[in-house]
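Chain by chain, the residues:
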Amino acid sequence: DTSLPLHGQSVLVTAGGTRERLDPVRYLTNDSSGKMGYAIATAARDLGAQVTLISAPTALSVPAGVTYVGVDSAAAMRAALLQRYATAKIVVMAAAVADFRPAAVAENKIKKTATDYTLTLTKNADILAELGQLKQQQFLIGFAAETQNLLTYAQKKLAAKQADMIVANDVSQAQAGFNHDTNEVTILQPDQAPQQLALASKAVIAQQILQIALKQL
Ligand code: PMT
């Protein structure tokens, strides 16, 4: 439908919690269900976009009409994004990307020790910051999941990552954040007052985020 606002535009969306492998049967991950990212992919599709959903493993089914790229680790998510970034119009980083990964991945199952076992973690690349540096025509949307100082930390991410928008998500609130069907967020954009979106389904929040982004395109 050529009358839709994102007709023919490429939109990249990330979702889910990355898995950082320790050994053949174990990994580190987080509570992201993928619901927020999948809702954004669906909303972008409904606006006419050609949507690619780069997703860590989730229990969700892929929205119809969306191209699915399954990834596991932050490194795999980064590679999938970089491969598709050049032609994207909007990029939405809703995934909960691990900041650290085990320094070594054991080839065999790690054996039980008699006493404590110490795990060393290595820093992962900050994908959003990297995309910010590579930015050309893309409208880059990041999230900030915080349990304290929401707006201060989110504002820092907006500047540090050269994002066009940060969706600040207080994940300590009831009915918001990880795994809930609803969310409550504040939209930050450079040189604009924060815009608070009332508690609503992730489907509605996703539509509102894209509507705000559309006004800037
Ligand atoms: O999946 P759901 O259960 O629906 O939950 C939704 C959500 C809470 C996961 C989502 O709303 C959300 O807040 N996603 C971002 C989670 C996160 O990793 O936040 P962060 O503040 O740690 O990261 C900031 C931004 O940088 C995010 O856009 C993240 O995708 C990105 N990032 C983070 C780390 C990293 N190494 N590279 C990144 O690009």
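Residues numbered from 1 in each chain as written. Predicted model: local features only at pLDDT ≥ 70, side-chain atom pairs only at ≥ 80, totals over all residues.

Think of two packed helices as two axes; the pair is described by the angle between the axes and how far apart they sit. Here helix α1 (residues 35-46) crosses helix α5 (residues 202-216) at 55 degrees, and the two axes come no closer than 8 Å. Judged by the angle between their axes, α1 and α5 are oblique. Between α1 and α5 lies a crossing whose hand is right-handed. Listed contacts from α5 to K35, M36, A39, I40, T42, A43 and A44 of α1 are K202, A203, A206, Q207, I209 and L210. (Axes fitted to C-alpha atoms, helices over the stretch in contact; angles between N-to-C directions. Helix = DSSP H or I, 4+ residues; strand = E, 2+ residues; numbered from the N terminus. Parallel < 35°, antiparallel > 145°, perpendicular 65-115°, else oblique. Left-handed = near helix turned anticlockwise from the far one by under 90°. Contact = placed C-beta atoms within 7 Å.)

So, about α1. With 12 residues, α1 ought to run about 16 Å at 1.5 Å a step, and its terminal C-alpha atoms sit 16 Å apart, in line with that. Where burial is concerned, most of α1 is hidden: 11 out of the 12 residues are buried. Residues of α1 that are buried in the fold lie against β1 (10-15), β4 (50-55), β6 (90-93), β11 (182-188) and α5. Phi for G48, located one or two positions after α1, is positive at around 100 degrees. (Expected span 1.5 Å × (residues − 1). Buried ≥ 20, exposed ≤ 12 C-beta atoms within 10 Å, placed from the backbone.)

Turning next to the site of the ligand. Taken together, 26 residues form the shell around the ligand, and within it S33, K35, M93, I127 and F143 come nearest. Counting residues per element, the shell around the ligand draws most heavily on strand β9 (residues 139-146), at 4 residues. Counted by class, the shell around the ligand contains 14 nonpolar, 8 polar and 4 charged residues. (Near = placed C-beta within 6 Å. Nonpolar A, V, L, I, M, F, W, Y, C, P; charged D, E, K, R; others polar.)

This part covers the UniProt feature "binding site: CTP" (unreviewed entry) in the chain. Mapped onto the present numbering, the UniProt feature "binding site: CTP" (unreviewed entry) falls on D99, K109, F143, K157 and K161. Spanning 63 residues, the annotated positions stay apart in the fold, the maximum distance between their C-alpha atoms being 37.4 Å. With sequence-adjacent residues up to four places away left out, K109 is seen in contact with D23, P24 and V25. Looking at K161, the number of C-beta atoms within 10 Å reads 22, which means it is buried. Apart from the residues within four sequence positions on either side, K161 is in contact with L128, A129, G132 and G142. (UniProt positions renumbered as here; feature names shortened; annotations may be inferred.)

Moving on to the nonpolar core. Grouped together as the largest cluster of nonpolar side chains are 56 residues, with contacts concentrated most on V13, I40, A44, I141 and I166. At 7 residues, α1 tops the list of elements feeding residues into this core. Contacts of I141, omitting those with residues within four sequence positions, involve I90, V91, V92, M93, A163, D164, M165, V167, I209 and A213. (Core = buried A, V, L, I, M, F, W, Y, C linked by C-beta atoms within 7 Å.)

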